[in-house]
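Fold and geometry: a report
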Amino acid sequence: MFAFILRRLMQAVVVMVTVAFIAFLLFQFVGDPVVFLLGQDATPDQIRELRADLGLDKPFFIQFWHFLLNAVQGEFGLSLRQGAKVSRLIAERFPATLELALVAAFLALAIGIPIGVYSALRRGTFLSQAFMTLSLLGVSLPTFLIGILLILIFAVTLGWFPSFGRGPTVQIGWWSSGLLTPKGWHHIVLPAVTLAIFQLTLIMRLVRAEMLEVLRTDYIKFARARGLSNRAIHFGHALKNTLVPVMTITGLQLGGLIAFAIITETVFQWPGMGLLFIQAVTFADIPVMAAYLCLIALIFVVINLVVDLLYFAVDPRLRVGGGRGH
């Protein structure tokens, strides 16, 4: 186990450095932030002076090396747009994005898994077919269209939910939470549902497919021959084995919810990291963009490591294989 964790940590370092390098390389072609800061009427002397102050006159690899050294210490430099520390900007926006992703993930799991199990056990019924038809719509419709439709129906027409913003928040140290106030929950409903729909339909279809596959295995037939009840077979044996591959998808989807909340945050003007990243791209704020991508890569790496460790707890075959040196 220790060798496995050490190997994964070494792989994580390589992934993080590679992501940071690619991000820095690509962002050299986004635009010149000095032009955005000074405007089109700036003189060449002003441009040279500002580039020197920001360290943009140095070679690419020197800039990248300085970025890595600062990133190890939790510092990503100053935002070229706001003039504030990037670490502080991300710390202010991260709670909003994480809460949105966790609520969306809870909705996707709490609704997707039961519907997937029902669709597998009651396949061919009208309700099961209706669920599968709706899942096709959820997979096919783009997120921004779903968000706009929800705003049109529930915010504009019915007036049940607000159409933008996070609502009032409660400060707990450096963490700000909107889930401790009724209005905060009121504001998070529409963006969380928008973000959860694609993940919900994906989990539902995956659980259904895996459940149908498991129900056809020999050990399920043997369990029926032993006289076990359908409840024990479906939920004590089939569902437990179905959730093993679902764990992988769920872990990756949680990282995806955080990474790809950009569209949802833009539609609902949710003050999270995704909206910060969009603003940084518009302004060619390279430190913010690079820090955001590095943070997302770190989240994916940590989630993958946690999922792999959960495999050892859920699947005893991996523990036996690991003990034999395989």
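Everything discussed here concerns the structure shown above.
Treat the numbers as computed from the prediction; the structure is a model and nothing was measured.

Criteria and thresholds
Residues numbered from 1 in each chain as written. Predicted model: local features only at pLDDT ≥ 70, side-chain atom pairs only at ≥ 80, totals over all residues. Heavy atoms only, no water. Helix = DSSP H or I, 4+ residues; strand = E, 2+ residues; numbered from the N terminus. Contact = heavy atoms within 4.5 Å. Polar contact = N/O pair within 3.5 Å; in protein donor to acceptor, adjacent residues only side chain to side chain. Salt bridge = Lys/Arg side-chain N within 4 Å of Asp/Glu carboxyl O. Buried < 20%, exposed > 50% of the residue type's maximum accessible area, 1.4 Å probe, protein only. Axes fitted to C-alpha atoms, helices over the stretch in contact; angles between N-to-C directions. Left-handed = near helix turned anticlockwise from the far one by under 90°. Nonpolar A, V, L, I, M, F, W, Y, C, P; charged D, E, K, R; others polar. Phe/Tyr/Trp six-rings, centres within 6.5 Å; stacked < 30°, edge-to-face > 60°.

A few words on the environment of R166. Along the chain, the position of R166 falls in the loop between α7 (143-157) and β1 (170-172). Every residue in contact with R166, bar those within four places of it in the chain, is listed here: P95, A96, E99, S176, S177, G178, G184, H187, W270 and P271. In this structure the side chain of R166 is engaged in a polar contact, spanning 3.1 Å, whose partner is the side chain of E99. A distance of 2.8 Å separates a polar side-chain atom of R166 from the backbone oxygen of S176.

To continue, consider the pattern of salt bridges. This structure, assessed with the given rule, holds 3 salt bridges. The salt bridge partner of R48 is D45, with a shortest N-O separation of 2.2 Å. Of the two residues, R48 and D45 are both situated in helix α3 (residues 44-54); the distance of 3 residues between them amounts to about one turn of the helix. With a relative accessible area of 52%, R48 lands in the exposed category.

Moving on: the packing of α7 against helix α8 (residues 182-215). One can describe the packing of α7 onto α8 by two numbers: an axis separation of 9 Å at closest approach and a directional angle of 145°. Seen along the crossing, α7 lies across α8 with a hand that is right-handed. Taken together, the residues of α8 that come into contact with α7 (itself represented by T143, I146, G147, L150, F154 and A155) are L190, V193, T194 and I197. When its residues are assigned to classes, the contact of α7 with α8 shows 7 nonpolar, 3 polar and no charged.

Let us now look at the packing of aromatic side chains. For the coordinates displayed, the defined rule picks out 7 aromatic pairs. Between F94 and W175, the ring centres sit 6.3 Å apart and the planes meet at 85°, which makes this aromatic pair edge-to-face. Pair noted here: F94 is in helix α5 (residues 86-121) and W175 is in strand β2 (residues 175-177), with a separation of 81 residues, a long-range link. In this structure W175 comes out as partly exposed when scored by relative accessible area, which is 22%. Relative to F161, the ring of F154 has its centre 6.5 Å away and its plane inclined at 65°; by these criteria the two rings are edge-to-face. Since its relative accessible area comes to 25%, F154 is described here as partly exposed. Given a relative accessible area of 23%, F161 falls into the partly exposed group. An aromatic cluster of at least three residues, connected via ring pairs, comprises F21, F61 and F64.

Limitation: the analysis is restricted to geometry and does not speak to function.
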